Amino acid sequence: MIPYLFFSIFSYAAINFALNIDKTAQVLESGGYAKSGFFDALFSILTYNNHTDQHLWFLYALFIVFVVNILFPKLSKHPAAIAAMLALYISKAFAEYFGIIDYVVSDLLFFAVGRVAADNKLLKDSLKKCNLFALIALFVICNSFYSYLYTSGLPDNELFIAVLYCFRAMVSLLGIASVCRVAMLLEKTRLAKPLKSLGGYSYDIYLMHAPFIVSGSMGILLSYSSVPKELCCMIALIGGIAVPIILSKLIIRRISLLSSIILGKSYKQKPDKITRTEKL
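So, a few notes on the structure that sits alongside this text. What you see is a predicted model; the values in this text were computed from it and never measured.

1. Digging into helix H5 (residues 79-90)
- With 12 residues, H5 should reach 16 Å at 1.5 Å per residue; the first-to-last C-alpha distance of 17 Å fits that figure.
- Those residues of H5 that fall on the buried side of the exposure criterion are Ala81, Ile82, Met85, Tyr89 and Ile90.
- Considering only its buried residues, H5 is in contact with helix H6 (100-119) and helix H9 (158-186).

Written out as structure tokens, the structure reads:
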């Protein structure tokens, strides 16, 4: 929760400051950013309603999910509880949830399924035996069908939307299974070590890449340079990965207090050494 609060406060402060500078204000205003008063910012941070930094929802939702799992460790893995989470997910077709609750309702199901899968050896063995191409093909077909239904204009029918939410949950689980299956194959290749090292900084990249490094650099380059859009995307992509890793490796993870505030934990071991506890 500390990284969420830190990056929320930093985002509001930095954006409000940048809106006082003409050139950066033009870029921010074209992206829909506006100044926020203290109490408006505080309310948005606490509720995640109209938050200025739209990528931080995952941190807040993950915190709430962890609290739920700590309070009800066994209940949250029970089939009846997972069925209830699916029903809660589908209920989005009938109700609008406020702020962070909407994200929790959307993702609680998948966190719970992930916990069950992580502890289920039979399920993991079955996934290892699953044909990767067939799994990916099924995901692509189902996702394409869902995308077609979603973009072609949904009927104003709550029952249809509820069925669509149920189908979307299945597509999401297929996508997660496909990624896990690819990871299982890569684990036995030469790519495993560099990918593991990169994955050790995935949290750092997630926290720091937006909105300033990626969106900010894209906005500034497109507004004040003649660099082609494709090259701008490449610069933003590389910067969004490289800058957080460099900052974290050379500065943040080397200072215990700084890493506790920014990353939510103190790194006493070498930055590249990922322990089993950290992977979990």
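Continuing now.
2. Looking at the environment of Met208
- Relative to the assigned elements, Met208 resides in helix H11 (residues 202-224).
- For the pair Met208 and Phe7, spaced 201 residues apart in the sequence, the C-alpha separation amounts to 8.5 Å.
- Once you skip the residues sitting within four places of it in the chain, Met208 turns out to touch Phe7, Ile213, Pro244, Leu247, Ser248 and Ile252.

3. Side note on the side chain of Ser217
- Take Ser217: it is sitting in helix H11.
- If we ignore the near neighbours within four places in the chain, the residues touching Ser217 are Phe212 and Ala236.

4. A few points about the pattern of salt bridges
- Overall, the coordinates contain 2 salt bridges when judged by the stated rule.
- Note that Asp102 and Lys92 form a salt bridge whose closest N and O atoms lie 2.5 Å from each other. Placement of Asp102 in helix H6 and of Lys92 in the loop between H5 and H6 is noted, with a sequence separation of 10 residues between them.
- According to the relative accessible area criterion, Lys92 is buried, its value standing at 13%.
- Between Arg253 and Asp204 there is a salt bridge; the shortest N-O distance is 2.8 Å. Linking Arg253 in the loop between helix H12 (229-250) and helix H13 (256-262) with Asp204 in helix H11, this pair joins segments that are 49 residues apart in sequence.
- Owing to a relative accessible area of 0%, Asp204 belongs among the buried residues under this scheme.

5. Let's talk about a nonpolar patch on the surface
- On the surface, Ile2, Val243, Ile246, Leu247, Leu250, Ile251, Ile255, Leu257 and Ile261 cluster together to form a nonpolar patch covering roughly 780 Å² of accessible area.
- When residues in the nonpolar patch are grouped by element, the largest group, 4 residues, is from H12.
- The residue Leu257 is located in helix H13 in this model.

6. Focus on H6
- Given a rise of 1.5 Å per residue, 20 residues ought to cover 28 Å, and the 28 Å separating the end C-alpha atoms of H6 matches this to within 8%.
- Within H6, the axis deviates most sharply at Asp107, by approximately 40 degrees.
- Restricting attention to buried positions, one finds in H6 the residues Ile100, Val104, Val105, Ser106, Asp107, Leu108, Leu109, Phe110 and Ala112.
- Next to the buried residues of H6 lie helix H3 (38-47), helix H4 (57-71), H5 and H9.

7. Remarks on the packing of aromatic side chains
- Throughout the structure, instances matching the rule amount to 14 aromatic pairs.
- Between Phe58 and Phe111, the aromatic rings sit 6.1 Å apart at their centres with planes inclined by 40 degrees, giving tilted as the arrangement. A residue pair is termed long-range when its members are at least 10 positions apart, and Phe58 in helix H4 and Phe111 in helix H6 qualify at 53 residues.
- According to the relative accessible area criterion, Phe58 is partly exposed, its value standing at 29%.
- For Phe111, a relative accessible area of 22% gives the class partly exposed.
- With centroids separated by 5.7 Å and ring planes inclined at 85 degrees, the aromatic side chains of Tyr89 and Tyr165 adopt a geometry described as edge-to-face. Of the two residues, Tyr89 sits in helix H5 while Tyr165 sits in helix H9, which places them 76 residues apart along the sequence.
- For Tyr89, a relative accessible area of 2% gives the class buried.
- Following the ring pairs from residue to residue traces out a cluster consisting of Tyr4, Tyr48, Trp57, Phe58, Tyr60, Tyr103, Phe111 and Tyr206.
- In this structure, Arg253 is placed above the aromatic ring of Tyr201, and the distance from its NZ or CZ to the ring centre is 4.2 Å.

The rules we used
Residues numbered from 1 in each chain as written. Predicted model: local features only at pLDDT ≥ 70, side-chain atom pairs only at ≥ 80, totals over all residues. Heavy atoms only, no water. Helix = DSSP H or I, 4+ residues; strand = E, 2+ residues; numbered from the N terminus. Expected span 1.5 Å × (residues − 1). Buried < 20%, exposed > 50% of the residue type's maximum accessible area, 1.4 Å probe, protein only. Contact = heavy atoms within 4.5 Å. Salt bridge = Lys/Arg side-chain N within 4 Å of Asp/Glu carboxyl O. Patch = residues over 30% accessible without salt bridge, like charges linked within 9 Å, V, L, I, M, F, W, Y side chains within 5 Å. Areas by Shrake-Rupley, 256 points an atom, 1.4 Å probe, with all protein chains shown as cover. Bend = angle between axes of the 7 residues up to and from the residue. Phe/Tyr/Trp six-rings, centres within 6.5 Å; stacked < 30°, edge-to-face > 60°. Lys NZ or Arg CZ within 6 Å of the ring centre and 35° of its normal.

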